[in-house]
Amino acid sequence: MLPSIKLLSGHQMPLIGLGTFKITGYENVFKTMEAALASGYRSFDTASVYRNEIDIGRALKELLPKFKLQRQDIFITSKLGPAEQGKSNASQALEGSLQRLGCEYLDLYLIHWPGAHKLKPGDRMHQKLRAESWAELENAYRQNKVNSLGVSNYLPSHLEELLATCAVKPSVLQIEYHPHLIQTNIKSLCDKHHIHLQAYSSLGTSNTENLLIKDPKVKEISAHCHKSPAQVLLRWAVQQQIGVLPKSTNPEHIAENIDVFSFTLSEEQMFELSQLDHQKHYCWDPAQVR
């Protein structure tokens with residue numbers, strides 16, 4: 001059994017899951033999901049904007065019996081897109097994800113972005129729309145359509161605003177977090193309110209100029225541990241009880257990425273990796289969203 005985290009909602013979530021951003025096309029999705037299930041993954045992260053929910057749902061319907069698994073044996077996360085924010089929109093969006101995935105419920109549903117589509121970053125409507133969205137998701141939670149609620153890309157200001165008014169607290173905050181981008185203030189706020197911090201882009205960027213994977217210190221520790229740079233970066237996170245969502249379509253990399261519980265980084269290695277922080281975003285920065 002892989003390590004898991006008990007969320008505020010009372011439900012367990014695996015500490016590691018498979019990210020599916022940019023994994024599209026049924027054949028590609030099927031092969032990726034098959035390799036992931038064979039390697040031991042039981043958590044899968046998608047979103048309406050990824051446009052792969054239908055293929056993931058189809059693949060799981062075929063693959064779960066093959067691996068002698070049932071729906072309750074896996075953890076499925078999806079997300080409310082920026083174009084789906086607001087009253088009535090959010091509940092319809094959740095229903096759409098459920099239908100596309102072929103599920104009666106989701107294990108976790110996140111507001112993907114603190115802003116709404118087509119609004120300027122400083123527009124006050126962002127606050128109104130995300131509050132309306134959360135109220136709708138709270139209703140869905142009460143109706144058992146989703147087991148846990150959370151947010152993604154929220155900064156402390158966004159999170160504190162939500163915590164001041166919500167009836168159901170977020171169980172998860174998903175953000176970009178790795179040794180080149182250590183968001184200490186966000187992690188401290190999550191720890192204070194017992195919100196699980198889940199990292200995306202733990203390995204930096206997927207392009208050939210990936211400065212995180214190629215960081216000399218990461219490579220040095222990798223060689224010392226006889227593990228890949230990716231495994232070192234993932235271990236750095238999970239050793240702090242930060243969830244991770246490595247993404248790959250390569251079966252070897254998929255298997256390698258989940259093998260991060262068979263070794264431990266020393267205190268010195270953890271410190272050295274944390275010293276690499278220079279606030280480098282490889283993905284999106286929500287700093288301008290009001």
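Nothing here was measured: the structure is a model prediction, and the numbers come from that model.

As a further point, take the overall build of the protein. The secondary structure content of the protein amounts to ten helices and ten strands. Compactness check: the protein gives a C-alpha radius of gyration of 18 Å against a globular reference of 19 Å for 290 residues, within 12% of the reference. In terms of principal-axis extent, the alpha carbons of the protein reach across some 55 × 45 × 35 Å. Put simply, the protein has 290 residues, and 56% of those count as buried. Considering only contacts within the protein whose residues lie at least 6 apart along the sequence, 74% involve residues at least 24 apart. Both charge centroids of the protein, one from 31 positive and one from 30 negative side chains, sit 5 Å from each other.

So, about the UniProt feature "binding site: substrate" (unreviewed entry) in the protein. Residues annotated by UniProt as "binding site: substrate" (unreviewed entry) correspond here to His112. Structurally, His112 can be placed in the loop between β6 (106-111) and α4 (125-142). For His112, a relative accessible area of 13% puts it in the buried group. Apart from residues no more than four positions distant in its own chain, His112 is found in contact with Ala47, Val49, Tyr50, Lys79, Leu80, Gly81, Ser152 and Asn153.

We now examine helix α7 (residues 216-225). Turning to α7, its buried residues are Val218, Ile221, Ser222 and Cys225. Within α7, the buried residues cover an arc of 105 degrees as seen down the axis, which keeps them to one side. The exposed residues of α7 that point more than 90 degrees off its buried face are Pro216, Ala223 and His224. Put simply, Asp215 is the residue that caps the front of α7, since its side-chain oxygen is 3.0 Å from the backbone nitrogen of Lys217. Immediately downstream of α7, the backbone of His226 shows phi near 60 degrees, a positive value.

What counts, and where the lines are drawn
- Residues numbered from 1 in each chain as written.
- Predicted model: local features only at pLDDT ≥ 70, side-chain atom pairs only at ≥ 80, totals over all residues.
- Heavy atoms only, no water.
- Helix = DSSP H or I, 4+ residues; strand = E, 2+ residues; numbered from the N terminus.
- Rg over C-alpha atoms; globule rule 2.2 N^0.38 Å.
- Buried < 20%, exposed > 50% of the residue type's maximum accessible area, 1.4 Å probe, protein only.
- Contact = heavy atoms within 4.5 Å.
- Lys, Arg positive; Asp, Glu negative; His and termini not counted.
- Charge placed at Lys NZ, Arg CZ, Asp CG, Glu CD.
- UniProt positions renumbered as here; feature names shortened; annotations may be inferred.
- Arc of directions from axis to C-beta.
- Polar contact = N/O pair within 3.5 Å; in protein donor to acceptor, adjacent residues only side chain to side chain.

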